[in-house]
Amino acid sequence: MADMSWLTLVSTAVAVLGIALGVALPAYAMGRAIASALDALSRQPESEKSIMRILFIGLAMIESLAIYVLVIVLIVLFRNPLLEYVLK
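Residues numbered from 1 in each chain as written. Predicted model: local features only at pLDDT ≥ 70, side-chain atom pairs only at ≥ 80, totals over all residues. Heavy atoms only, no water.

Explain the environment of F56 here, please?
As for its placement among the helices and strands, F56 is situated in helix α2 (residues 48–78). In this structure, the C-alpha to C-alpha distance between F56 and A33, residues 23 residues apart in sequence, is 9.6 Å. (Helix = DSSP H or I, 4+ residues; strand = E, 2+ residues; numbered from the N terminus.)

Below you can see the structure in the form of structure tokens.
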């Protein structure tokens, strides 16, 4: 195989691994955050507003992490900066 084929193959494999981890780990973190919030709500139902506000802010930050991973993986797949060095 040519150098460019290997680089494309490896970058695609790494991108798939990256998106798999970039989706699985934030999903796990979201599940833990929601479970903790439900536990806190069951212990102190009177503080529902503050718990829900903090929960939604945390979930938004976790979701933004997954979106950042997706953007970086798409950059690696479609505009791989290493391909310029292989073509020279």
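Moving on, there is more to tell.
What's the story with the nonpolar core in this structure? I'm lost.
A general tendency of soluble globular proteins is for nonpolar side chains to be buried together. Judged by nonpolar contacts, A37, L41, I51, L55 and L59 together constitute the single largest core of five residues. Those elements that provide at least two residues to this core are α1 (3–43) and α2. It is α2 that contributes the most residues to this core, three residues altogether. (Core = buried A, V, L, I, M, F, W, Y, C linked by side-chain atoms within 4.5 Å. Buried < 20%, exposed > 50% of the residue type's maximum accessible area, 1.4 Å probe, protein only.)

Please explain the environment of L38 as it appears in this structure.
Along the chain, L38 falls in helix α1. Separated by 14 residues in the primary sequence, L38 and M52 place their C-alpha atoms 9.4 Å from one another.

Help me understand α2 in this model?
Residues lying three or four places apart along an α-helix face the same way, a consequence of the helix completing one turn every 3.6 residues. Taking 1.5 Å per residue as the helical rise, α2 with its 31 residues ought to reach 45 Å, and the 45 Å between its terminal C-alpha atoms agrees with that figure. Residues of α2 that are buried: I51, L55, L59, I62, A66 and V73. (Expected span 1.5 Å × (residues − 1).)

Just to check I follow, could you spell out the environment of V69 for this structure?
Tracing the chain through its elements places V69 in helix α2. Sequence spacing of V69 and A20 is 49 residues, and the spatial spacing of their C-alpha atoms is 9.7 Å. In contact with V69, other than residues within four places in its own chain, are G18, I19 and G22. (Contact = heavy atoms within 4.5 Å.)

I tried to follow the pattern of salt bridges on my own but got confused; where do I start?
Side-chain pairs of opposite charge can arise whenever the charged atoms involved come near each other. In total, this model carries one salt bridge according to the counting rule given. One salt bridge in this structure joins D39 and R43, with 3.3 Å as the shortest N-O distance. Of this pair, D39 and R43 both sit in helix α1, separated by four residues, roughly a single helical turn. For D39, a relative accessible area of 37% gives the class partly exposed. (Salt bridge = Lys/Arg side-chain N within 4 Å of Asp/Glu carboxyl O.)

Looking at this structure, I do not really get the confidence of the model for the protein chain. What am I missing?
Reading fine detail from the predicted coordinates is not recommended where pLDDT is low. Per-chain confidence: the protein chain averages 85 in pLDDT, with 85% of residues scoring 70 or above. Looking over the protein chain, one finds the lowest element-wise mean pLDDT in helix α3 (residues 83–87), namely 62, and the highest in α2, namely 89. (pLDDT = per-residue confidence, 0-100.)

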